[in-house]
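# Fold and contact review
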Amino acid sequence: MLTQTTTRVLDPGELDAALEVLGRDPVTNVFVAARVQAAGLDPWRLGGEMWGWYADGRLESLCYAGANLVPVCAGPEAVRAFAERARRGGRRCSSIVGPAEPTALLWSLLEPSWGPAREVRSHQPLMVTHAMPEGVPPDPLVRRVHKDEMDTVMPACVAMFTEEVGVSPLAGDGGLLYQARVAELVGNGRSFARIEDGRVVFKAEIGAATHRACQIQGVWVAPEFRGRGLSETGMAAVLRYALADIAPAASLYVNYFNAPARAAYHRVGFRETGAFMSVLF
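In this report, we go over the structure that sits alongside the text. (Residues numbered from 1 in each chain as written. Predicted model: local features only at pLDDT ≥ 70, side-chain atom pairs only at ≥ 80, totals over all residues. Heavy atoms only, no water.)

### So, the overall build of the protein
The number of helices and strands found in the protein is nine helices and twelve strands. A globule of 281 residues ought to have a C-alpha radius of gyration of about 19 Å, and the protein, at 19 Å, matches this closely. Taking the principal axes of the C-alpha coordinates as reference, the protein spans close to 65 × 40 × 35 Å. Within the protein, buried positions represent 49% of all 281 residues. Once local pairs closer than 6 in sequence are excluded, the contacts in the protein between residues at least 24 apart make up 70%. Taken as a whole, the protein presents about 13,300 Å² of accessible surface, with 54% of it coming from carbon and sulfur. Taken as two groups, the 28 positive and 30 negative side-chain charges of the protein have centres that lie 1 Å from each other. (Helix = DSSP H or I, 4+ residues; strand = E, 2+ residues; numbered from the N terminus. Rg over C-alpha atoms; globule rule 2.2 N^0.38 Å. Buried < 20%, exposed > 50% of the residue type's maximum accessible area, 1.4 Å probe, protein only. Contact = heavy atoms within 4.5 Å. Areas by Shrake-Rupley, 256 points an atom, 1.4 Å probe, with all protein chains shown as cover. Lys, Arg positive; Asp, Glu negative; His and termini not counted. Charge placed at Lys NZ, Arg CZ, Asp CG, Glu CD.)

So, in structure tokens, the structure goes:
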């Protein structure tokens, strides 16, 4: 008997089914899971649509379609269905990001109509740890950023984003959305920094979090302080907060070509468990 498949936008009443799919891999899916847990499935609150791929009426795969296009637990057939829906609607996202294999297939199907991309990062190791590192003491000067320190931390956030993504987050709307996101992380106690003489020396944020996993992002050391091991002791300090206060697993993904960062994360106890891929427009 042939399997009957359909693809459609989930409605708010399907929240439990969506969370079941997301829960199959809480580390890999933490970005989308955190958004869904916070906002539900209403597109206005979620900041995009959640597409579902159904086999014989059962929800098997998801695709978040907002500022990012993110396939979730998607095999080849589901990816093809998501690609066709995305192609018909036209590109509205600024990136495609997700597990490397389905994201590569999704991009290969969309590239003829959506391409060219500004940059394709085809292999970004996904790294995970469940414990504090041995032999790397947490930097005692790394702490949560206070709400009245936005003016101090913003230049470092902008520098990190521009260095990592290749464009300034201040373009377009003058940085209003980016500043709001930074303020949200600061307000939630998920922005961390070492600040000396009124400037940021090291910083990182916990960008997405559920009760099962969290994802560290925005790791940055001021250029003149690089090579001194501050990324390692700083990350150990962030892990101290993350594993004690937020979730039992901490993850991040890093560009394959960034050998110094990968080595530093290994020394802090992170281990590669998979790979992501990002397509930037």
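### Things to note about the packing of helix α6 (residues 150–165) against helix α7 (residues 176–187)
Running from amino to carboxyl end, α6 crosses α7 at an angle of 120°, the nearest separation of the two axes being 11 Å. With respect to each other, α6 and α7 are oriented oblique. For the pair α6 and α7, the crossing hand works out as right-handed. Here α6 contributes M150, V153, M154, C157, V158, M160 and F161 to the contact with α7, which in turn contributes Y178, Q179, V182, A183 and V186. Residue composition of the contact of α6 with α7, by class: eleven nonpolar, one polar and no charged. (Axes fitted to C-alpha atoms, helices over the stretch in contact; angles between N-to-C directions. Parallel < 35°, antiparallel > 145°, perpendicular 65-115°, else oblique. Left-handed = near helix turned anticlockwise from the far one by under 90°. Nonpolar A, V, L, I, M, F, W, Y, C, P; charged D, E, K, R; others polar.)

### Side note on the packing of aromatic side chains
Pairs of aromatic rings are described using the distance from one ring centre to the other and the angle between the two planes. What the rule picks out here adds up to eight aromatic pairs. Ring plane angle 80° and centroid distance 6.4 Å describe the contact between F31 and Y64, whose orientation is recorded as edge-to-face. A residue pair is termed long-range when its members are at least 10 positions apart, and F31 in helix α2 (residues 30–39) and Y64 in strand β3 (residues 58–65) qualify at 33 residues. Considering the side-chain rings of W114 and F281, the 6.1 Å spacing of their centres and the 75° angle between planes classify their relative orientation as edge-to-face. Taken together, the positions of W114 in helix α5 (residues 100–114) and F281 in the segment after β12 (271–280) put the pair 167 residues apart, joining distant regions of the chain. Aromatic rings pair up to connect W107, W114 and F281 into one cluster. Directly above the aromatic system of Y241 lies the positively charged group of R240, at a separation of 5.2 Å from the ring centroid. (Phe/Tyr/Trp six-rings, centres within 6.5 Å; stacked < 30°, edge-to-face > 60°. Lys NZ or Arg CZ within 6 Å of the ring centre and 35° of its normal.)

### Quick look at unusual backbone geometry
Along the chain, G115 connects to P116 via a cis peptide bond; the corresponding omega equals -5°. Following the sequence through the fold, P116 ends up in the loop between α5 and β6 (119–129). Phi is positive for D56, which is not a glycine, with a value near 50°. Turning to its location among the elements, D56 is positioned in the loop between β2 (49–55) and β3. The exposed category is assigned to D56, whose relative accessible area is 53%.

### Overview of the sheet that holds strand β7 (residues 143–144)
Strands in a sheet are paired, the pairing made by backbone hydrogen bonds, and the direction either parallel or antiparallel. Spatial ordering of the open sheet is given by β1-β2-β3-β4-β5-β12-β6-β11-β10-β9-β8-β7, a layout of twelve strands whose pairing is mixed. Because the sheet does not close on itself, it has two edges, and the strands there are β1 (5–9) and β7. Here five bridges tie strand β5 (residues 95–99) to β12, and the two strands are oriented antiparallel to one another. Its bridge partner lying in β12, G98 is registered against M277. Against the sheet, α2 engages β2, β3, β4 (68–72), β9 (199–209), β10 (214–221) and β11 (250–253), with an angle of about 70° to β9. (Pairing = 2+ DSSP bridges.)

### Brief notes about the nonpolar core
Core analysis: the largest hydrophobic core is formed by 41 residues, its most contacted members being V182, I216, V238, Y265 and F270. Among the elements of the structure, α6, α7, β8 (191–196), β9, β10, α8 (230–246), β11 and α9 (259–267) are those that each provide at least two residues to this core. With near-sequence residues (within four places) excluded, Y265 lies in contact with M127, V219, M235, L252, V254 and F270. By size, the runner-up hydrophobic cluster in this structure holds 27 residues, among which are L22, A39, L46 and A249. (Core = buried A, V, L, I, M, F, W, Y, C linked by side-chain atoms within 4.5 Å.)

### Some points on α5
In this model, α5 (15 residues) spans only 18 Å end to end at C-alpha, well below the 21 Å of a helix rising 1.5 Å per residue. The complete set of buried residues in α5 reads A100, P102, T103, L106, W107, L110 and W114. Where α5 is buried, its residues meet β4, α4 (76–89), β5, β6 and β12. (Expected span 1.5 Å × (residues − 1).)

### Brief notes about the state of the cysteines
Under the definition given, this model contains zero disulfides. Its sulfur unpaired, C214 is 18 Å from the next cysteine sulfur, which belongs to C157. Given the relative accessible area of 0%, C214 is considered buried. (Disulfide = S-S within 2.5 Å.)

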